[in-house]
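Each chain, written out:
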Amino acid sequence: MLKVIVVDDEPLARKGMLVRLAAFAELQVVAECANGQQAIESIQQLQPDVVFLDVEMPGMDGFAVLNSLRAAGIALPYIVFVTAYDHYAFTAFEVNALDYVLKPVEPERLAAAVQKVLRFHAAQDNKKHKDQLTQAVAKLTGDLPDSILQRLDNAEPVVNQSYPDAISIKDSGEIIRVPVANIDWVDAAGDYMCIHTKDGQTHILRRTMKELEQELDPRLFVRVHRSAIVNVHTIAKLQMLSNGEHQLLLTNGQSVKVSRSYKDRVKQVFSH
C-alpha cells in the first residue's frame, strides 16, 4: 500500500478527499494537514509515497511547500495538486507534480489520477529492482551497468557461465586454435575480425564483433571502440590527444583509438 497525506486548509475539502480515497485499497492515508507547515513536518516525519496537496492555502501555498522541502533536502513524494483553478496546471507540471485534480473533485478524475500514480510507482519500482540486479551482475562480471542494460534491452545473454580458453579459426583449409590468453587485441576489417596475438601474428576470423565480444571474458577483454577489443593486460597507457580524443598505448607499442561511447569502460580498467 502507498502511504498518503492529504493537505487542504478547508476541513470539508479534506473530509471529502479522505472519503473518496478510502475507496482505493492500494492507498493508506497516514495524515491530514490543514496548512503548509504541518505538511512539511508530516512529510519529513512520515515519508509518504503520495501527497494530495492543495495549491491555494493561506500563509504557505502548495508550491511554497515543495520549495521548502527541496531547500531542506527532503525527498519529494509523488505530488498530486488539488486546486479550484485550472490555470495552475502548467505550473504544477513545471514543478514535476505527477498530476492535478480540479475542485470540486470528481470521482472519475480522482480515479484517473490515482491510477496514474500507481502506474508511475510500479514503473519506478521495476526500475529500482532492475538497477539493483544490474549492479549485482556488474560486480560478478566486471562489466559496466550500462553494458548489461543494453544486453537486456537487446534480449542478449547477460552473464556467460563460462568462456572458451581458445578461439577456433579456419585458415587455408585448416582449423587452428588460438589461446584466448595470447590475444593482444582485435579489430574489425569489413566482414572479418583481425585477431592480433602476442607472437606478432594476425589471424583472420569471419565473425561479427558483437559475437566475439560475447565469447570473451569481460574481466579480461574490454571493448574500446565499435571495431576494437583489447586484452586489459596489454594496456600500458591511456592517452588524451590534442583534439580531445583518447587512445590506448599497448605494451607491444600498438595504439588503439578509444571512442567516446566506450571511454567509461576503459577508465574502469584503470580504477582497479
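All values reported here derive from a predicted model rather than from experimental measurement.

A. Structural view of the sheet that holds strand 9 (residues 192-197). Taken in spatial order, the five strands line up as 10-9-8-12-11 in an open sheet, and their pairing is antiparallel. The outermost strands of the open sheet, each flanked by one partner alone, are strand 10 (202-205) and strand 11 (221-225). The sheet shows a mean angle of 20 degrees between the axes of neighbouring strands, direction not considered. Direction of pairing for strand 11 relative to strand 12 (residues 228-231): antiparallel, over a ladder of four bridges.

B. Focus on the side chain of Thr197. Along the chain, Thr197 turns up in strand 9. When near neighbours in sequence (up to four residues on either side) are disregarded, Thr197 contacts Val178, Asn182, Ile183, Asp184 and His203.

C. Structural context of unusual backbone geometry. Residues Lys103 and Pro104 are joined by a peptide bond in cis, for which omega reads -5 degrees. Along the polypeptide, Pro104 turns up in the loop between strand 5 (99-102) and helix 5 (107-141). In this structure, Gln47 is a non-glycine residue whose phi angle is positive, near 50 degrees. Here Gln47 is to be found in the loop between helix 2 (36-46) and strand 3 (50-54).

D. Local environment of the packing of aromatic side chains. This model, assessed by the stated rule, comprises two aromatic pairs. With a centroid separation of 5.0 Å and an interplanar angle of 55 degrees, the aromatic rings of Phe63 and Phe81 are classed as tilted. With Phe63 in helix 3 (residues 62-71) and Phe81 in strand 4 (residues 78-83), this pair connects stretches of sequence that are 18 residues apart. Comparing Phe63 with Phe81, the two get one shared label, buried. Measuring from ring centre to ring centre gives 5.5 Å for Tyr78 and Phe120, while their planes differ by 90 degrees; the resulting arrangement is edge-to-face. Residue Tyr78 is located in strand 4, and its partner Phe120 is located in helix 5; the two are separated by 42 residues in the primary sequence. You can call Tyr78 buried: its relative accessible area is 17%.

The rules behind each value
- Counting restarts for each chain: residues are numbered from 1 in the order of the written sequence.
- The predicted origin of the model limits local features to residues at a pLDDT of at least 70 and limits the giving and counting of side-chain atom pairs to 80 or more, whereas totals for whole chains, interfaces and linings rest on all residues.
- Think of the side-chain values as coming from all heavy atoms in the structure, minus any hydrogens and water.
- Only strands that DSSP links by at least two bridges are regarded as paired with each other.
- Counting from the N terminus, the helices are DSSP H or I runs at least four residues long and the strands are E runs at least two residues long.
- To obtain an axis, a line is fitted to C-alpha atoms, over the contacting stretch when the element is a helix, and the angle between two such axes runs from 0 to 180 degrees between their N-to-C directions.
- Here a residue-residue contact requires only that any non-hydrogen atoms of the pair lie within 4.5 Å.
- Centre distance within 6.5 Å is the pairing criterion for rings of Phe, Tyr and Trp, where only the six-membered ring of Trp is used; planes under 30 degrees apart are then read as stacked, over 60 as edge-to-face, and the remainder as tilted.
- A simple rule labels every residue: compare its accessible area, found with a 1.4 Å probe on the protein chains alone, to the largest value its type can have, and call it buried under 20%, exposed over 50%, or partly exposed in between.

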